[in-house]
Amino acid sequence: MAEELGALLVALEHRFYGDSINPDGLKTENLSDLNSQQALADLAVFHQHISQKFNLSRRNTWISFGGSYAGALSAWFRGKVPAASGLRSSMTVYVQEDASSSPHLPLLPFALLRCSFVFLQFPHLVYAAVASSAPVRAKLDFSAYSRVVASSLANEAVGGSGKCLAAVREAFAAAQVLMGGNASRVAADFGCCQMPKNLEDQMELMQNLADIVTGTVQYNEAGGLMSINELCVVMTNTSEAMAEETRPYNRLVKLAHIYRSSSEEPCLDVSHEKTVTALMDTAVYLGRTAERQWTYQTCNEFGFYQTCEEASCPFSGLVTLRSQTELCRMLFGISQHSLPERVAFTNTYYGGDDAHTHRVLYVNGGVDPWKELSVVRRRAEGGREAQTVFIEDTAHCADMMSQRATDRRSLRAARQEIEEHVVGWLKMAAQEIMV
């Protein structure tokens, strides 16, 4: 789209991620500037920097794009919020070079400084925003995530079925029962790097197995190791020579081996102690993961804990809110009792899924669990109607992926609709400048 519109395209890396980390920046006492409010302030400074570098003026129209957490940042940057101190993925913003010369000219991506207890209003910096799969509502106990995963596994339009969902549910139940009496067999079956030695290790194993399924659903047909259809073929295959191999538990074992083979993992790491040690590591080095940073943000701002304590969850009941949030205390000294207040502050600050935003296009996919925390229905927006694009049977940020010949018709139509919104905004901006 940027090339078609003759756009200047820029992107900004979120501080504390990638290469944007000070040598001692990951120590707990130095994480106070790791928050969404700071990221928005950084965007404002970046906007100023790019405007000066490229000699841009008010005649240049900016449009922001972001997906997942960056999608929320894209939406919030168009909102009016009070800034206090406080994807994971980078955010992209497009700026139009000169709206007066052509309404089809540029778009420029941007995805910074901390201000305390000052009212900041950034809507004037970007004319409009696209927020794909954006979780704009913080949620401590995100149990709805597993409910959407379950419904997607049963969705025949994407290759799922009721039989597939039932097989997944039965397989996890069998694995948990077997682990209670024969943990060594479970460890051998799933190719674990260690034998689960306590309840925490068992939880780690069940979470890792659930991640295979949830990751498949979240990124269905959008770059994951397999699709829902392929996963369900494995889980419902009854063509094996031996009857035992058709049992759901054994199908889950095979699924885990396929995953490990595809991801080139020699074994399945289930040591909870090792996980905690890795999260406590504050060293900054090339190629390190962003798990410590994102865990801090979930503890400090968002929650987003994907629990399995409801009957509708097809995975293991070992994955509880308590088991996940205890990491906040262990890693950062953030009390579990303070988490509800932190999440409530985030929603009060930004407005949750009823945010005070204008000219923000919310894009969501039908099988994406994160749609539960986004804006999926048109609604009144300060006297105007919120703009949404809902893509049936597509996954997380699917509209932002490179186009493929195998893309669903609904996805191709959605991309066209998004572009029409952008072109319309550019025309509106050009008209306003001419007045």
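It should be noted that the structure appears before, not after, this text.
A quick note: this is a predicted structure, and the numbers were derived from the prediction, not measured.

Novice: In this structure, what is going on with the overall build of the protein chain? I would like to understand it.
Specialist: A count of helices and strands for the protein chain gives 13 helices and 12 strands. The 435 residues of the protein chain split such that 54% are buried.

Novice: Help me out: how do you make sense of the nonpolar core in this one?
Specialist: If you look at soluble globular proteins, the nonpolar side chains tend to sit buried side by side. Membership of the largest hydrophobic core comes to 104 residues, with the highest contact counts inside it found for Leu153, Phe172, Phe190, Leu209, Leu231, Leu255 and Phe315. No other element matches helix H4 (residues 162–181), which puts 9 residues into this core. By size, the runner-up hydrophobic cluster in this structure holds 19 residues, among which are Leu5, Ile63, Val130 and Ala398.

Novice: Even after reading the chapter, I still don't get the pattern of salt bridges, so can you show me in this structure?
Specialist: In a structure, side chains of opposite charge can pair up when their charged atoms sit close to one another. Considering all chains together, one arrives at 9 salt bridges under this definition. Note that Arg15 and Asp42 form a salt bridge whose closest N and O atoms lie 2.7 Å from each other. With Arg15 in the loop between strand E1 (8–12) and helix H1 (36–53) and Asp42 in helix H1, this residue pair connects regions lying 27 residues apart in the sequence. A salt bridge links Asp189 to Arg185, with the nearest nitrogen and oxygen atoms 3.1 Å apart. A residue pair is termed a helical-turn pair when its members lie 3 or 4 positions apart in one helix, as Asp189 and Arg185 do in helix H5 (residues 183–189) at 4 residues. One network of salt bridges, with partners in common, ties together Arg404, Asp407 and Arg415.

Novice: For this particular structure, what's the right way to read the packing of aromatic side chains?
Specialist: Evaluation of the coordinates by the stated rule reveals 16 aromatic pairs. Ring geometry for Phe304 and Trp370: centres 5.2 Å apart, planes at 85 degrees, overall edge-to-face. Within this pair, whereas Phe304 is found in strand E8 (residues 303–305), its partner Trp370 is found in the loop between strand E9 (360–365) and strand E10 (380–381), the two being separated by 66 residues in sequence. Their ring planes at 75 degrees and their centres at 4.7 Å tell us that Tyr349 and Tyr350 sit as a pair that is edge-to-face. Using a relative accessible area of 7% as the deciding quantity, one classes Tyr349 as buried. Seen from the ring of Tyr127, Arg359 lies directly overhead, with NZ or CZ sitting 3.7 Å from the centre.

Novice: Would you take a moment to explain the environment of Trp62 for this structure?
Specialist: Relative to the elements of secondary structure, Trp62 occurs in strand E2 (residues 62–67). Among the residues examined, Trp62 registers a relative accessible area of 3% and is labelled buried. Measuring from C-alpha to C-alpha, the distance between Trp62 and Ala7 comes to 9.8 Å, with 55 residues separating the pair along the chain. A distance of 3.3 Å separates a polar atom in the side chain of Trp62 from a polar atom in the side chain of His47.

Novice: Please clarify how helix H7 (residues 228–236) should be interpreted in this entry.
Specialist: Note that an α-helix has 3.6 residues per turn; residues three or four places apart therefore point the same way. Every buried residue belonging to H7 is among Ile228, Leu231, Cys232, Val234 and Met235, and all of these are buried. End-on view of H7: buried residues confined to an arc of 155 degrees, all on one side of the axis. Of the surrounding elements, those touching the buried residues of H7 are helix H3 (144–153), H4, helix H6 (199–218) and helix H8 (248–263).

Novice: Honestly, the packing of H4 against H7 in this entry has me stumped. Any pointers?
Specialist: Two quantities define a packed helix pair, namely the angle between the axes and the distance from one axis to the other. Axis separation between H4 and H7 bottoms out at 9 Å; the angle between their running directions is 65 degrees. Here the hand of the crossing between H4 and H7 comes out left-handed. Touching Lys163, Cys164, Ala167, Val168 and Ala171 of H4 are Leu231, Cys232, Met235 and Thr236, all from H7. Of the residues belonging to the contact of H4 with H7, the class tally is 7 nonpolar, 1 polar and 1 charged.

Novice: Teacher, can you tell me more about unusual backbone geometry here?
Specialist: Trans peptide bonds make up the majority, and among non-glycine residues the majority have a negative phi. We note that Ser133 has phi near 45 degrees; this positive angle belongs to a residue other than glycine. For Ser133, the location among the structural elements is in the loop between strand E6 (128–132) and strand E7 (139–141). For Arg359, which is not glycine, the phi torsion reads 55 degrees and is therefore positive. Locating Arg359 in the fold gives a position in the loop between helix H12 (339–350) and E9.

Novice: Mind showing me how you'd approach the environment of Arg342 here?
Specialist: Tracing the backbone shows Arg342 in helix H12. The class of Arg342 is partly exposed, set by a relative accessible area of 26%. Residues Arg342 and Leu140, spaced 202 residues apart in sequence, show a C-alpha to C-alpha distance of 9.2 Å. Leave out the neighbours within four places in its chain, and Arg342 touches Cys299, Asn300, Glu301 and Ile334.

Novice: I keep staring at the packing of helix H9 (residues 272–280) against helix H11 (residues 321–332) and nothing clicks. Help me out?
Specialist: Where H9 meets H11, the axes come as close as 10 Å, and the angle between the chain directions of the two elements is 50 degrees. Viewed along their axes, H9 and H11 adopt a mutual orientation that is oblique. Between H9 and H11 lies a crossing whose hand is right-handed. Mapping the contact onto sequence places His272, Val276, Leu279 and Met280 in H9 and Glu326, Leu327, Met330 and Leu331 in H11. Considered class by class, the residues forming the contact of H9 with H11 number 6 nonpolar, 1 polar and 1 charged.

Quick notes on the rules
- Residues numbered from 1 in each chain as written.
- Predicted model: local features only at pLDDT ≥ 70, side-chain atom pairs only at ≥ 80, totals over all residues.
- Heavy atoms only, no water.
- Helix = DSSP H or I, 4+ residues; strand = E, 2+ residues; numbered from the N terminus.
- Buried < 20%, exposed > 50% of the residue type's maximum accessible area, 1.4 Å probe, protein only.
- Core = buried A, V, L, I, M, F, W, Y, C linked by side-chain atoms within 4.5 Å.
- Salt bridge = Lys/Arg side-chain N within 4 Å of Asp/Glu carboxyl O.
- Phe/Tyr/Trp six-rings, centres within 6.5 Å; stacked < 30°, edge-to-face > 60°.
- Lys NZ or Arg CZ within 6 Å of the ring centre and 35° of its normal.
- Polar contact = N/O pair within 3.5 Å; in protein donor to acceptor, adjacent residues only side chain to side chain.
- Arc of directions from axis to C-beta.
- Contact = heavy atoms within 4.5 Å.
- Axes fitted to C-alpha atoms, helices over the stretch in contact; angles between N-to-C directions.
- Left-handed = near helix turned anticlockwise from the far one by under 90°.
- Nonpolar A, V, L, I, M, F, W, Y, C, P; charged D, E, K, R; others polar.
- Parallel < 35°, antiparallel > 145°, perpendicular 65-115°, else oblique.

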